[in-house]
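# Results of the structural survey
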Amino acid sequence: MVGNTAPNISRFSDEQLATELARLNVPLLAYSIQDYVQVPLTPEELIDGLAGSSEARVRMALIPLFLARPTLAPQATTVAATQTGESRTTLVCYYTAAMLLQRQLSKQLTLLNLPTTPLPDHFSQELALPSGGNPDALLQSLARRQAELTGRALNWYGTYHHAAESFLRQVELASA
């Protein structure tokens, strides 16, 4: 179950995670990408590292990752099964946000030649969210639920949209 407990700390640096995202063509994080050859992270390591980062903008990269690579959906459940605390809450909520944003932004994703393989609904039941309905209304419900689970009354809904919009802008610029 998700909940607010002590945060997990990623064993990978934010630069390593950004390098791996860049290797996967997920242009989002503005870090100085290392010039050295890095052994690629496994999808599980990347997902776990992003969820466990101490930096909000790095954790937020989970949303673009799942939008760009919906084939990583099985690894999200694998990693979530091994996590606890804040990292798990982050992963479960951001994966669910990506799933809902994918439905909401399907036309833009198609226009940018991004994969549109539907992300399966792995966590709505656990989050006590309806499994169907209007994606925007569900994103608002998810935002309220994430605020409850984290104990932080942040604009989670805006965070979800900011992550997706920043990613789509970067993809658009890269394809121009």
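Treat the numbers as computed from the prediction; the structure is a model and nothing was measured.

### Points about unusual backbone geometry
- Backbone geometry places Asn 25, a non-glycine residue, at a positive phi of 60 degrees.
- Take Asn 25: it is sitting in the loop between helix H1 (14–23) and helix H2 (43–52).
- Judged by relative accessible area, Asn 25 falls into the exposed class, the value being 61%.

### Side note on the pattern of salt bridges
- Within this structure, the stated rule accounts for four salt bridges.
- We note a salt bridge from Glu 86 to Arg 152, for which the minimum N-O separation is 3.0 Å. With Glu 86 in helix H6 (residues 85–104) and Arg 152 in the loop between helix H8 (135–150) and helix H9 (156–175), this residue pair connects regions lying 66 residues apart in the sequence.
- Taking the relative accessible area as the measure of exposure, Arg 152 reaches 31% and is therefore partly exposed.
- One salt bridge in this structure joins Arg 88 and Glu 126, with 2.7 Å as the shortest N-O distance. On the criterion of sequence distance, the pair formed by Arg 88 in helix H6 and Glu 126 in the loop between helix H7 (106–111) and H8 is long-range, its members being 38 residues apart.

### A few points about the packing of aromatic side chains
- With the rule as written, the count across this model stands at three aromatic pairs.
- Measuring from ring centre to ring centre gives 5.1 Å for Phe 66 and Tyr 95, while their planes differ by 75 degrees; the resulting arrangement is edge-to-face. One end of the pair, Phe 66, is in helix H4 (residues 62–68); the other, Tyr 95, is in helix H6, and 29 residues separate them in sequence.
- Residue classification places Phe 66 among the buried residues on the basis of a relative accessible area of 0%.
- A ring pair is formed by Tyr 94 and Tyr 160, whose centres lie 6.1 Å apart and whose planes are at 85 degrees; its orientation type is edge-to-face. Highlighted residues: Tyr 94 in helix H6 and Tyr 160 in helix H9, separated in sequence by 66 residues.

What counts, and where the lines are drawn
Residues numbered from 1 in each chain as written. Predicted model: local features only at pLDDT ≥ 70, side-chain atom pairs only at ≥ 80, totals over all residues. Heavy atoms only, no water. Helix = DSSP H or I, 4+ residues; strand = E, 2+ residues; numbered from the N terminus. Buried < 20%, exposed > 50% of the residue type's maximum accessible area, 1.4 Å probe, protein only. Salt bridge = Lys/Arg side-chain N within 4 Å of Asp/Glu carboxyl O. Phe/Tyr/Trp six-rings, centres within 6.5 Å; stacked < 30°, edge-to-face > 60°.

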